[in-house]
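# Secondary and tertiary structure notes
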Amino acid sequence: MVVEFNRYSCFRSLLVATMIFGASLSLVSPSFAQSVGLPAPRLLTTIPMGAKVGSQVEVTISGEHIEDADELTFSDRRITAARKLNAAGQPEPNGKYVVTIAADCPVGIHEARVMTRLGISSSRAFSVGTLDEAVQTKANTTLATAMELKVNSICNATMTQRAVDHYVFEATKGQRIIVDCATRGIDSKLAAVVIIADAAGRDLLVERRGGALDFTVPADGKYVIKVHELTFKGGQAYYYRLAVSEVPVGAPIVRLPSTKPVNSFSWPPQGLKEQAELAESEPNNDRTKAQKISLPCDIAGSFFPAADVDVFEFEAKKGDVWWVEVASERFGLPTDPSILVQHVARTGDTEKATDVAEFSDIPSPVRVSSNGYAYDGPPYNAGSADILGKLEIKEDGLHRLQITDLFGGTRNDPKNIYRLVIRKAAPDFAVVAWALHMELRNGDRNAVSKPLALRGGATMALEVVAIRRDGFDGDIDLAMEGLPEGVTASGLKIPAGQSRGLMLVTAHQNAPRAVGSATFFGRATIDGAAVTRPCRLASFAWPITDSWGEIPSPRLMADVPVSVSGLEFAPLTLSPPKEVQTVIAGEKLTIPLVHTRRSEFSGATLQLRTMGASFDRAPQFDVSLTADGSHAVLDTAALKTAPGDYLIAFYGGAVAKYRHQPEAVAAAEVAHKNAMQELMAIEAEVKKLTEAAKAATTETKPEADKAVEAVTVKQKAATAAVAAAAEKIKQATAAAQPRDIVDIVVSEPIKIRVSPAAAK
Amino acid sequence: MPYSDHVSRRRFVLRGWLVSLGGFFFLAVMPQPVDAAEPPVSFVNDVMPVFTKAGCNVGVCHAKAGGGQKGFQLSLLGFEPLEDFDHLVTESRSRRLFFGAPDQSLLLLKASGQIPHGGGVRLAASSEGYALLREWIRQGATFDSQTAPKLLSFEVQPTRGSINRGGEQQLKAIAKYSDGSIRDVTSMALYESNDKAMADVSERGLVKISDIVGNVAVMVRYQAKVSVYSASVPLGAPVENLPSSKNFVDEHVFANLKALGIPPSVLCDDATFLRRVTLDIGGRLPTEEESAAFLASKDEGKRDKVIDELLRSPDYADFFANKWTALLKNRRDDESDTVSNFAFHAWVRDSFLANKPYDQFVRELLAATGTVIGNPPVAWYKRVKEPKQQIEDVAQLFLGVRMQCAQCHHHPFERWSQDDYYSLAAFFSQVGRKPSGTRGEDLIFHKRGIAVAANMKTGVPLKPGALGDAIPEIAADEDPRLKLADWMGSKNNPFFAKSLVNRYWKHFFVRGLIEPEDDIRDTNPPTNPALLEALEKHFVASGFDLKELVRVITQSRAYQLSEVPNAHNVVDRQNYSRYYPRRLQAEVLLDAIDRLAGTQTDFANLPPGTRAVALPDNSYNRSSQFLRVFGRPEAESVCECERVQSSSLAQSLHLLNAPEMKTKLAAATGRAERLAKEDKPAEAKVRELYLAAFSREPRPQELKTAIDYLNEPGSAANANYQDLIWALINTKEFLFNH
């Protein structure tokens, strides 16, 4: 695994090294297996993964770099948590909390996070429901050990590897039982297989594609539910919530709540009514049965039955321009809508249909990762299999629109619904953001899903992508509000006609430890009016260290928390002057950068690229990793930069010699010293009491022996404490050893004003 | 190239030779004058059949793709006369024919072995074929495709008959031409028996019947025409006391046996039936409890009930998914195939569990769209990527038609042309692919457009056509694969249901009504056409209900006949007058051994206790020598023949002394260890073993032998039980379904 900052210079260095050192190359091999991104706190599991509304529940958490977690918070303030206390009133170890869900807390998915030494952790989905909750407390991997589950309850469980979890429930003939299992929708890695079997464990009904089982009980008795992972994987990351509920015959099935896919950020369009004005009415499968509509329209339909084609006809005038939008995949459905619009000319019984437009996918505005080893784009697809396109009418007359699901040829599922909107242009936009990654030849994708947990002096960049609607092509400015003290946000706008911008979030070196819930939005002027749209944040459900071996599972977050560690600092801060840098168009601009180093680095230079509209094509340049400052030179002539105000930043990847919590070593040493002193004192006491016991009279002997015995117990405990303290030193020392980690260094933002050149 | 052009070209070449070699040679190469009265030898009607009869134009000889042999190429089976003429007469500076002295022609010298010929002597100098070629050369080696009478029809005489065992029948091959002429082409026709053990046929059409009874067919080919002679070989024994027919299967089987005079064996006993049907439907041995209960039951309908019970069980789904996933190439070539293979296997398995109608199952596979996880049959498109491979697999697996030949030339034994091949391929021409988030996997969708596929030879674009059946116009928006599925599932489809019922018949009766089961053609008739047709109708009428098909087959008395032959039917190998025993399949045998030994085979990353019949793909063969030795397929082909069912020394040795066997027998948690420790009479323990292994009680002598062995002094009890189980495993009664 080789990190490639600059693949050419790296390759050149390697070549030179090979020439110089020859056979000894293997001893000085480049740094393999480097991870990307400094440690970030990640909350990975909560057990249970949800709770009943209006209840109080004990929750145990686990994750990465959250050993020192304090506060457990939720995106909805009606869920609160407090450390669980032991009998002595002290917080229990091992991440135990008592979580209270208020009676008015909305049912659904909420984000859970913990505040740690490094700042706010990544999120874990926490469900709030109305059913009674249970937790799997012991292995239930055989029929004999099946866990009893009451109808109308939900069980929180973790899958064992190479095993099948068994549950048993009792039901009566004719009951309609729905068995639903939340997995991917609550951030689990489990691809669940859920089976209803008879009491002997013989399979009756199976669901493997994430659907719910709809079971009509054939006879009174016990039934078994089996759950396993599709390929029998298991472990901490493979958890689930299994719900068994009775639903009246004919009533719709309400699925367990689920997080939203990333591409759902672009739905719905502003102002769209919750319910469509019109429903498709079958049969409308061919031209002879086309459903008559008039434009504009808003239709709800379903890709049902298999190979369903819904045909609509409307009159339109030459020169009319309509915008067609379909949502289906963005509802989280496995569909791929496709539309064909034809002009229909009828002469007697014959008709001539001429293609006017075809619509299929909404392309991702930026290149999406190919999930290969080398990073070649964000693994977030802001596009969709849905439709958003312009329909230009070329001839007066009857037009026919047919909509199909390209994935629906053989599938009979009425739940595969769509919403079709045809409207006059309503220019608008939607924005989504995620942590910026850079082109590294490294399978580690942790950086792309890190939380906004800032170290002092760090600038974190978010990549922001817009879906533009109905021809809107103006600038989109980006902004954040509600940031903690000492944190500033600078949006590098999405320029007119483009789809990508950046948001830089900077924590001042002296920013105090804090966390806040920020608001993130895009602003534009559309038809003379200021328009503000929220920017959703996306992240992976799990950190991915090997993109070759694992497909990411990205989703939208409910909120935008931003924190400052206050205890740990960025390895390097690149600070430009605060004031606006001015340059005359056609001339070169030299920007001084102050380097504040707080770590050692591997290598002598850092190669920087430029981000920000009009300057992102500036050539890469090297700055020293040992000097205290440098100069960046931007040639506005070569870049053909037009006069105006700009915001830019520089960024690059540096291999920091990261030391994790070095202060913990000193603290451990102090603790060890104290433990030693305590031990020595006790040993002295032991000696004293032993001698006293020896000298004791027959009468005082029992009491003296008792005292010796008591102090010996203390001595044992103190010895163990010393050993534990020594072990802590060892662990802290090991963690504090410098470790090569690629840090994506982003400079503080730089304001530039390009003035027009004087007329010649 | 028109004929006249060819003649001109030949003359031009000749002229060149004349100029360069002078007058003497001129005389030598000049074709001899032809007497107007002597009958001309026709290139297409006389010469070409000689090449075909002599085997010159088969794929391994001069019709080999890419240049034939030693630079001399002929078209396969003479399907391209013009090309053949060109290669013979003008190619290589016309060196193959010598008009002045035809016997010195390179063609004849090689064919008759007078000079070295890699193919040996194909035409002796004294043969009729040699004389014909010689005469054609002497007459000037003309090409007469335009003028020669066209071969209109061809038939063998007689077309059917009844021959006693050991008897003979001379066949006569008659060709009819467009000029009204009729020729006896017996000596030039090609003959092939569909069961060489039953009937051998000479090069001149003499059929010799062996002592095996039943129905046999001889395919007779002449040029591009085919005819079939069907013979029934009766035993002629009295057929009395037939079991009462349970359903139409019996009526047809017994009618055939009556016609042939083959008395069927008696019905098998309950123990044999239970073991047989549990192995055939559930792919496992009955448990001791099931066997004991079944044997004790006095219920007259218990056989039907156990069939229904088995069909309801997930064992049925596991066992048939195991069969189908191998045929559908659920093959793991890379670790990244794991998820799609599990998903695909699960889809197949769940389809059988839910008893999804077969036409729907095939439709979901053929017209799959979306992602593998969202719609697992899409995984088939991951493994079978090219439209040609897709139609070849679909035709062979679901229609029982082998189309591979027709990709490059007209099918030699069938009516399928290249146009048929590419018309079928056109159904798959609009399969669109988009990259998915998963490496190596595509999203599959219908790509809008008119489906066409170009004939590789003619370049003519062809619209979808289904083996000679017209398919209504398919609009650009319609997925042609759905239309193919419609055609397949139509009630009158001549292949779809027939192919499946024949395949399932073979599953239960060891031998298909048509063999091989995926080679259905006019020239390979079924041994019991009425039965095949009745099964087909029943299957279609049931709504392609696979469980019902299994039910009707296994409920039949024919299925429940004993494997023990009577005084007459030992010679029967194809009329189902008795049950034909079969060695257990690799997976079933491994599970059976584990069951008897009380052990489990551990398969990587699967839950302990996972049975071999439930394995999702071929990857487990790598770690299991047992599965490899006993022929578990690698899922490389759609042919059931990939599963090796033959016996081998390696299999015997494995069962006798492989460490794997020893480990199972001596397992600390195994049955031998348990029995050795268990406090119950030895007789009860032996009874348990016999019930577990054979689903029956031990016979008195078996019981005595076993108990005597167990009581032998000097050896440990657990070792004795291990030995006893080992001995039971190595019996034919255990290793075979019988």
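Residues numbered from 1 in each chain as written. Chains lettered and ligands numbered in written order. Predicted model: local features only at pLDDT ≥ 70, side-chain atom pairs only at ≥ 80, totals over all residues.

## Considerations on the overall build of chain A
Across its full length, chain A carries 4 helices and 50 strands. Taking the principal axes of its C-alpha atoms as reference, chain A extends roughly 130 × 95 × 55 Å. Pairs at least 24 apart in sequence give 74% of the contacts found in chain A among residues at least 6 apart. (Helix = DSSP H or I, 4+ residues; strand = E, 2+ residues; numbered from the N terminus. Contact = placed C-beta atoms within 7 Å.)

## A word on the sheet that holds strand S2 (residues 42-47) of chain A
Residue and element names in this part refer to chain A. Taken in spatial order, the 4 strands make up an open sheet running S2-S4-S7-S6, and their pairing is antiparallel. Every interior strand has two partners, whereas the edge strands, S2 and strand S6 (79-83), have only one. This sheet shows a mean twist of 35° between the axes of neighbouring strands, independent of strand direction. In terms of strand pairing, strand S4 (residues 56-64) meets strand S7 (residues 96-101) through 5 bridges, oriented antiparallel. Bridging across to S7, Glu 58 finds its partner in Val 98. (Pairing = 2+ DSSP bridges. Axes fitted to C-alpha atoms, helices over the stretch in contact; angles between N-to-C directions.)

## Here we look at the domain arrangement of chain A
Residues and elements named next belong to chain A. In terms of domain boundaries, chain A breaks down into domain 1 (7-33), domain 2 (42-129), domain 3 (135-246), domain 4 (273-369 + 378-425), domain 5 (429-660 + 744-755) and domain 6 (663-737). Its C-alpha centre places domain 4 at a distance of 39 Å from the equivalent point of domain 5. Domain 4 puts 10 residues into the contact, and the matching count from domain 5 is 17 residues. For the side of domain 4 that touches domain 5, the class distribution of residues is 10 nonpolar, no polar and no charged. (Domains from an automatic or database assignment. Nonpolar A, V, L, I, M, F, W, Y, C, P; charged D, E, K, R; others polar.)

## Digging into the packing of helix H3 (residues 663-695) of chain A against helix H4 (residues 701-736) of chain A
All names here are of chain A. For the pair H3 and H4, the least separation of the axes is 8 Å and the interaxial angle reads 165°. Taken together, the axis directions place H3 and H4 in an arrangement best described as roughly antiparallel. Of the two possible hands of crossing, H3 and H4 adopt the one that is left-handed. A per-class count over the contact of H3 with H4 returns 24 nonpolar, 6 polar and 8 charged. (Parallel < 35°, antiparallel > 145°, perpendicular 65-115°, else oblique. Left-handed = near helix turned anticlockwise from the far one by under 90°.)

## Describing the interface of chain B and chain A
At the interface, 31 residues of chain B touch 26 residues of chain A. If you list the elements that add at least two residues to the side of chain B that touches chain A, you get helix H11 (338-353), helix H12 (358-366) and strand S12 (442-446) of chain B. Sorting elements by how many residues they give to the side of chain B that touches chain A places H11(B) first, with 7 residues. Split by residue class, the side of chain B that touches chain A holds 13 nonpolar, 11 polar and 7 charged.

## Some thoughts on unusual backbone geometry
That bond from Ile47(A) to Pro48(A) is cis: its omega, 0°, falls within 30 degrees of zero. Assignment of secondary structure puts Pro48(A) in the loop between S2 and strand S3 (50-52). That bond from Trp267(A) to Pro268(A) is cis: its omega, 0°, falls within 30 degrees of zero. The phi torsion at Asn152(A) lies on the positive side, around 70°, for a residue other than glycine. Unusually for a residue other than glycine, Lys70(B) sits at a positive phi of about 50°. Its place among the elements puts Lys70(B) in the loop between helix H2 (43-54) and helix H3 (81-94). A residue is classified by how many C-beta atoms lie within 10 Å of it, and Lys70(B), with 11 of them, is exposed. (Buried ≥ 20, exposed ≤ 12 C-beta atoms within 10 Å, placed from the backbone.)

## Some points on the environment of Thr160(A)
Residue and element names in this part refer to chain A. Here Thr 160 lies in the loop between strand S13 (153-158) and strand S14 (165-171). A residue is classified by how many C-beta atoms lie within 10 Å of it, and Thr 160, with 20 of them, is buried. Distance in space between the C-alpha atoms of Thr 160 and His 228 is 8.4 Å, their sequence separation being 68 residues.

## So, the sheet that holds S13(A)
Residue and element names in this part refer to chain A. Taken in spatial order, the 5 strands line up as S11-S13-S20-S15-S18 in an open sheet, and their pairing is mixed. The sheet is open, and its two edges are formed by strand S11 (132-135) and strand S18 (213-216), each paired on a single side. Taken over all neighbouring pairs, the strand axes of this sheet differ in orientation by 20° on average, direction set aside. Looking at chain direction, S11 and S13 are connected through 4 bridges and run parallel.

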